[in-house]
Amino acid sequence: MKFISWNIDSLNAALTGESPRASLSRQVLKTIKDEDPDIIAIQETKLSDKGPTKKHLEILEEKLSEYNFYFVSSCPPARKGYAGNMVFYKKDLQVKASFPKIGAPDTMDLEGRIITLEFENFYFTQVYTPNAGDGLKRLKERQVWDIKYGDYLEALDKNKPIVACGDFNVAHKEIDLASPDSNHMSAGFTDQEREGFTNLLNRGFVDTFRYLHGDVEGAYTWWAQRVKTSKINNSGWRIDYFLVSDKIKDLIKKSEVVDSGERQDHAPILLEIGL
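Predicted model only: the values in this text are computed from it and were never measured. (Residues numbered from 1 in each chain as written. Predicted model: local features only at pLDDT ≥ 70, side-chain atom pairs only at ≥ 80, totals over all residues. Heavy atoms only, no water.)

Trainee: Help me get a handle on the environment of Ser260, residues and values and all.
Mentor: Along the chain, the position of Ser260 falls in the loop between strand 12 (252-257) and strand 13 (265-266). Taking relative accessible area as the criterion, Ser260 reaches 7% and is therefore assigned buried. A sequence separation of 236 residues divides Ser260 from Leu24, and the C-alpha atoms of the two residues are 8.3 Å apart. In contact with Ser260, other than residues within four places in its own chain, are Val28, Trp223, Lys231, Ala267 and Pro268. (Helix = DSSP H or I, 4+ residues; strand = E, 2+ residues; numbered from the N terminus. Buried < 20%, exposed > 50% of the residue type's maximum accessible area, 1.4 Å probe, protein only. Contact = heavy atoms within 4.5 Å.)

Trainee: Tell me about the UniProt feature "domain: Endonuclease/exonuclease/phosphatase" (unreviewed entry) in the chain, residues and numbers included.
Mentor: The feature "domain: Endonuclease/exonuclease/phosphatase" (unreviewed entry), as annotated in UniProt, sits at residues 4-246 in this numbering. Taken end to end, residues 4-246 is 28% helix and 21% strand, and its two terminal C-alpha atoms sit 20 Å from one another. (UniProt positions renumbered as here; feature names shortened; annotations may be inferred.)

Trainee: Explain helix 4 (residues 139-157) to me, using residue names and the numbers behind them.
Mentor: With 19 residues, helix 4 should reach 27 Å at 1.5 Å per residue; the first-to-last C-alpha distance of 27 Å fits that figure. Within helix 4 the residues assigned to the buried category are Leu139, Arg142, Trp145, Asp146, Tyr149, Gly150, Tyr152, Leu153, Leu156 and Asp157. For helix 4, the arc enclosing every buried residue in end-on projection is 160°, short of the 170-degree limit, so these residues lie on one face. Opposite the buried face of helix 4, at more than 90 degrees from it, the exposed residues are Lys140 and Ile147. (Expected span 1.5 Å × (residues − 1). Arc of directions from axis to C-beta.)

Trainee: Before we move on, can you summarise the side chain of Asp109 with the specific residues and values?
Mentor: Of note, Asp109 is situated in the loop between strand 5 (96-98) and strand 6 (114-118). Salt bridges are absent for the buried Asp109, whose nearest opposite-charge side chain, Lys101, sits at 7.0 Å. Looking at Asp109, its side chain comes within polar contact range of the main-chain nitrogen of Gly103, at 2.9 Å. A polar contact of 3.0 Å, which involves the side chain of Asp109, links it to the backbone nitrogen of Ala104. (Lys, Arg positive; Asp, Glu negative; His and termini not counted. Salt bridge = Lys/Arg side-chain N within 4 Å of Asp/Glu carboxyl O. Polar contact = N/O pair within 3.5 Å; in protein donor to acceptor, adjacent residues only side chain to side chain.)

Trainee: Please provide a residue-by-residue account of helix 5 (residues 191-201), values included.
Mentor: Turning to helix 5, its buried residues are Glu193, Arg194, Gly196, Phe197, Leu200 and Leu201. Angularly, the buried residues of helix 5 cover 155° about the axis, an arc narrow enough to put them on a single face. Each element contacted by the buried residues of helix 5 is listed here: helix 4, strand 9 (205-207) and strand 11 (240-245).

Trainee: Could you give an account of the sheet that holds strand 12, with specific residues and numbers?
Mentor: Across the sheet, 6 strands lie side by side as 3-4-2-1-14-12; this open sheet has mixed pairing. The sheet is open, and its two borders are formed by strand 3 (67-72) and strand 12, each paired with just one other strand. Between one strand and the next, the sheet's axes are offset by a mean angle of 15°, whatever the strand orientation. As defined by bridge partners, strand 12 adjoins strand 14 (residues 269-273) across 5 bridges and the pair is classed as antiparallel. Within strand 14, the position partnered with Glu256 by the bridge is Leu270. (Pairing = 2+ DSSP bridges. Axes fitted to C-alpha atoms, helices over the stretch in contact; angles between N-to-C directions.)

Trainee: Now, about the packing of aromatic side chains: what can you tell me, with residues and values included?
Mentor: On inspection of all chains with the given rule, the structure shows 13 aromatic pairs. With a centroid separation of 5.5 Å and 45° between ring planes, the pair formed by Phe69 and Phe88 is classed as tilted. Placement of the pair is Phe69 in strand 3 and Phe88 in strand 4 (residues 85-90), with a sequence separation of 19 residues. For Phe69, a relative accessible area of 26% gives the class partly exposed. Residue class for Phe88 comes out buried when judged on its relative accessible area of 3%. For the ring pair Trp145 and Tyr149, a centre distance of 6.1 Å and an interplane angle of 10° mean the geometry is stacked. Separated by 4 residues within a single helix, Trp145 and Tyr149 lie in helix 4, roughly one turn from each other. Here Trp145 matches Tyr149 in class, with each residue buried. Put simply, the rings of Trp145, Tyr149, Phe168, Phe197 and Tyr241 touch in pairs and so form one group of aromatic residues. The side chain of Lys160 reaches across the aromatic face of Tyr123, ending 5.4 Å from its centre. The ring centre of Trp223 lies 4.5 Å from the NZ or CZ of Lys231, which sits over that ring. (Phe/Tyr/Trp six-rings, centres within 6.5 Å; stacked < 30°, edge-to-face > 60°. Lys NZ or Arg CZ within 6 Å of the ring centre and 35° of its normal.)

This is the structure in structure tokens:
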């Protein structure tokens, strides 16, 4: 099967926006569609708690007519139009969807951060991990999230193998970002967040990209929008991942970053695995 995951940073902007960046986003969507994946996992949709509008649905039917979808959005008292996930799956697939709450702190469980699809022989789950925030104001809550999320995946894994993907908001190792020395106190590269990701892997999961590609450098999935030359100079971070259960790691065929052209921010990632 083939899976693609992408932090879209506003579905509305990508579908209906008129800016140059919106045009670039639509090009990325076309690139994803052309890959013909079985599942497309989209993070940071920023939709209302009612989900996609009528206009969104019309555009999605035009662009992704072969797919059904589920969504989860941020709901009060969490911030409106914040976070959120959608998952598109081929119409011939038989799935059961859930939108778990994991006992996370603050409003994290209400921010639309996880969707899980259950198949006969495995689980597919996507996540938009909370950011530690400016000034690391949410770092303590993030640390609790990492533990609770690990508990959730470990419980699933006892039943069936897992494919887990999404924006994990952490560069795990120094080779996962271009400038590690100057970022040890930055959200996404603190010792606490990196340790949290290590602990997650130690529960019985594999970073599929590193499993196939070893310590290759310069493979990033995110480039800062505020720095115009970040992508030109490849001054990026690898914070988007496909993880799988140890028990199915030998089925991994491909794990790579999808070319997103000139668009900065997140690039899609792709996994092919013999499930």
